[in-house]
Amino acid sequence: MLKIYNSLAREKQDFIPIIAGKVNMYVCGMTVYDYCHLGHARVMVVFDMVSRWLRASGYEVTYVRNITDIDDKIIKRALENQETIGTLTQRFIDAMNEDAAKLGVIRPNLEPRATEFVEGMVHMISTLVSKGFAYAADNGDVYYSVKSFDGYGKLSGKSLEDLRAGERVDIDLHKRDPLDFVLWKAAKPDEPSWDSPWGKGRPGWHIECSVMGEHHLGNHFDIHGGGQDLQFPHHENEIAQSEAAHGCTYVNYWMHNGFIRVINEKDGQDEKMSKSLGNFFTIRDVLRKYEAEVVRFFILRAQYRSPLNYSEHHLDDAKQALTRLYTTLKNVPPAAVAIDWSAPYAARFKAAMEDDFNTPEALAVLFDLANEANKTKSPELAGQLKALAAIVGLLEHDATGFLQGRLADEMSDANADTHALSPADIETLIQARLTAKQTKNYAEADRIRKELLENGIILEDTPQGTTWRSA
RNA sequence: GGCGCGAUAGCAAAAUGGUUAUGCACCGGCCUGCAAAGCCGUAUACCCCGGUUCGAUUCCGGGUCGCGCCUCCA
């Protein structure tokens, strides 16, 4: 039985879908005005892993991940760049899809864009106004009245009094309550706008997810995910909007992934990677130096709710670990096997995944399996390793290709082959060394091996001949 | 100020009321012409103080430190 840590209940709960055998899942995606950073990579990889596991468990999954293609920052950036909002957002949507593909992220079933659902948003806002949960202010904005919704604060564990006591609530004369949030923003001159009963304007941020979720998954669905920073206010506001509009529970299980953190140069302490702190690394930055699967492995080796510290040292470490797994697949060619969930390793893997997606534990099972496969030289066990890893989107590449660093096109943004030596050059040197070895000219053989090592090539002599890999 | 999360060996990271996590790094051995890879083995932990218990890293209380949310953020 799958258990999921539900942010709403603050505990792990048995996962029971609304419709047997079917899972409807919505994840808050990106606001597309810049390249995705590692934090975005974590959301994409984590929920990709979740959807893969649900499917492997036999569920029919509808996975929706939205794209926010209209908001203040997008408008500002387009203006700065002197380009249209449409070209700006399309450019970064394309970039996001490229990054995601390299990370082994399967496309969600649906990727709705906010601008395609403005009509639905106007409709939901009208419903909220007519039910008394929202009001139009005299400046043309429409606000949600938080105190009209009894459950406000249930997701984030905050009470209205606590929030009012907070130091950072800004005063807005148009709001009846400082905590009220905007559903509809009156258009300023030269801003993109849509018609509405309240005049020309554009939607607030929170309403888009309520509407797109409803449109694709219904008024009540199973799982809603996103980064921890969205728990409040974004997800809290979504609940307020949707439950007030529909009069029923919005989402059963709320999942929030932890942050990527980086060391702050000033004080040496870890802090959240974020756009506002300006301390982020884009996925592209990282892929110039590391294969995407290393990044995926790095993300999955931590439990999704834990903070994850980013550093090159940690990625180097992840690369070594992944190399061990691929080395096993190289040394023990895997047989094509179907997973038998009652087999010992598969059963342990499954138990780990069912415990709130405990990927560190699941990966530990893969290493135990690799050890056993190395020991027994069993293609069957190597096949199990490959099959289980594939469920979390790992070890899906050619082992030799990975080990030789020849997956540049599909795995990284590095400029093709970084080796000074071509595979043909390497092969020639390997043959020269072999000849030297046969004449017991070990000094020459070792010289050649050293020359290769200086070019980042490590040799491995096996009973089947000499193979090489990238250092 | 309010609310919440965390502290595990050199690094990273899980589980667990008593029995090897796992990976990287390290040390010894096997294998190898020597290496590499692989295998075998050793070593290194559970923030501090109390409590519960036959027994706590694991449960409870307090403390210290770190992190996050309360404002746009994955």
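Residues numbered from 1 in each chain as written. Chains lettered and ligands numbered in written order. Predicted model: local features only at pLDDT ≥ 70, side-chain atom pairs only at ≥ 80, totals over all residues. Heavy atoms only, no water.

**Here's the deal with the sheet that holds strand β7 (residues 181–186)**
Here is step 1 of the chain: With antiparallel pairing, the four strands of this open sheet are ordered in space as β5-β6-β7-β8. Since the sheet does not close on itself, it has two edges, and those belong to β5 (134–136) and β8 (201–203), each with one partner. Averaged over all pairs of adjacent strands, the angle between strand axes in this sheet comes to 20°, irrespective of strand direction.
Here is step 2 of the chain: Relative to β7, strand β6 (residues 142–144) runs antiparallel, the two being bridged by three bridges. Residue pairing in the sheet places Tyr144 in a bridge with Phe181 of β7. (Pairing = 2+ DSSP bridges. Helix = DSSP H or I, 4+ residues; strand = E, 2+ residues; numbered from the N terminus. Axes fitted to C-alpha atoms, helices over the stretch in contact; angles between N-to-C directions.)

**Focus on the nonpolar core**
Here is step 1 of the chain: One finds Phe47, Leu54, Ile223, Tyr310, Phe349, Phe357 and Leu395 to be the most contacted residues of the largest nonpolar core, which totals 88 residues.
Here is step 2 of the chain: No other element matches helix α1 (residues 38–56), which puts 11 residues into this core.
Here is step 3 of the chain: Setting aside residues no more than four positions away along its own chain, Tyr310 makes contact with Leu38, Ile260, Arg261, Val262, Met273, Phe281, Val286, Phe298 and Leu315.
Here is step 4 of the chain: The next biggest cluster of nonpolar side chains, apart from the first, holds 42 residues, and it includes Ile75, Val118, Ile125 and Val251. (Core = buried A, V, L, I, M, F, W, Y, C linked by side-chain atoms within 4.5 Å. Buried < 20%, exposed > 50% of the residue type's maximum accessible area, 1.4 Å probe, protein only. Contact = heavy atoms within 4.5 Å.)

**Observations regarding the packing of aromatic side chains**
Here is step 1 of the chain: Within the structure shown, the criterion is met by 17 aromatic pairs.
Here is step 2 of the chain: A ring pair is formed by Trp184 and Trp198, whose centres lie 6.1 Å apart and whose planes are at 55°; its orientation type is tilted. Here Trp184 is found in strand β7, whereas its partner Trp198 is found in the loop between β7 and β8, with 14 residues between them in sequence.
Here is step 3 of the chain: Taking relative accessible area as the criterion, Trp198 reaches 18% and is therefore assigned buried.
Here is step 4 of the chain: Pairing Tyr326 with Phe402 gives two aromatic rings, centres 4.4 Å apart and planes at 25°, and the pair type is stacked. (Phe/Tyr/Trp six-rings, centres within 6.5 Å; stacked < 30°, edge-to-face > 60°.)

**Thoughts on the packing of helix α4 (residues 118–130) against helix α7 (residues 231–246)**
Here is step 1 of the chain: Following both chains from N to C, one finds α4 and α7 inclined at 70°, their axes separated by 9 Å at the closest point. Taken together, the axis directions place α4 and α7 in an arrangement best described as roughly perpendicular. The hand of the α4/α7 crossing is left-handed. When α4 is examined against α7, the residues Met124, Thr127 and Leu128 are found in contact with a partner set consisting of Gln241, Ala244, Ala245 and His246.
Here is step 2 of the chain: A breakdown of the residues in the contact of α4 with α7 according to their chemical character gives four nonpolar, three polar and no charged. (Parallel < 35°, antiparallel > 145°, perpendicular 65-115°, else oblique. Left-handed = near helix turned anticlockwise from the far one by under 90°. Nonpolar A, V, L, I, M, F, W, Y, C, P; charged D, E, K, R; others polar.)

**Some thoughts on the sheet that holds strand β11 (residues 260–263)**
Backbone hydrogen bonds are what pair the strands of a sheet, in a parallel or an antiparallel way.
Here is step 1 of the chain: Read from one edge of the open sheet, three strands run β12-β11-β13, paired in mixed fashion. The open sheet has two edge strands, β12 (270–272) and β13 (308–309), and neither has a second partner.
Here is step 2 of the chain: Inspection of the sheet shows β11 paired to β13 by two bridges, in the parallel sense. Considered in β13, the bridge of Ile260 is made with Leu308.

**What about helix α6 (residues 205–217)?**
Here is step 1 of the chain: Under the 1.5 Å per step criterion, the end-to-end length of α6 is 19 Å for 13 residues, consistent within 8% with the ideal 18 Å.
Here is step 2 of the chain: Among the residues making up α6, those that are buried are His206, Ile207, Glu208, Cys209, Ser210, Val211, Met212, Gly213 and Leu217.
Here is step 3 of the chain: Immediately beyond the C-terminal end of α6, within one or two residues, lies Gly218, with a positive phi of roughly 95°. (Expected span 1.5 Å × (residues − 1).)

**Here we look at the pairing of β11**
Here is step 1 of the chain: Residue alternation in β11 divides its side chains into a buried set, Ile260 and Val262, and an unburied set, Arg261 and Ile263.
Here is step 2 of the chain: As paired elements, β11 and β12 share three bridges and run antiparallel to each other. Bridging across to β12, Arg261 finds its partner in Lys272.
Here is step 3 of the chain: Between β11 and the antiparallel strand that follows it, β12, lie six residues; Gly268 among them carries a positive phi value of about 75°.

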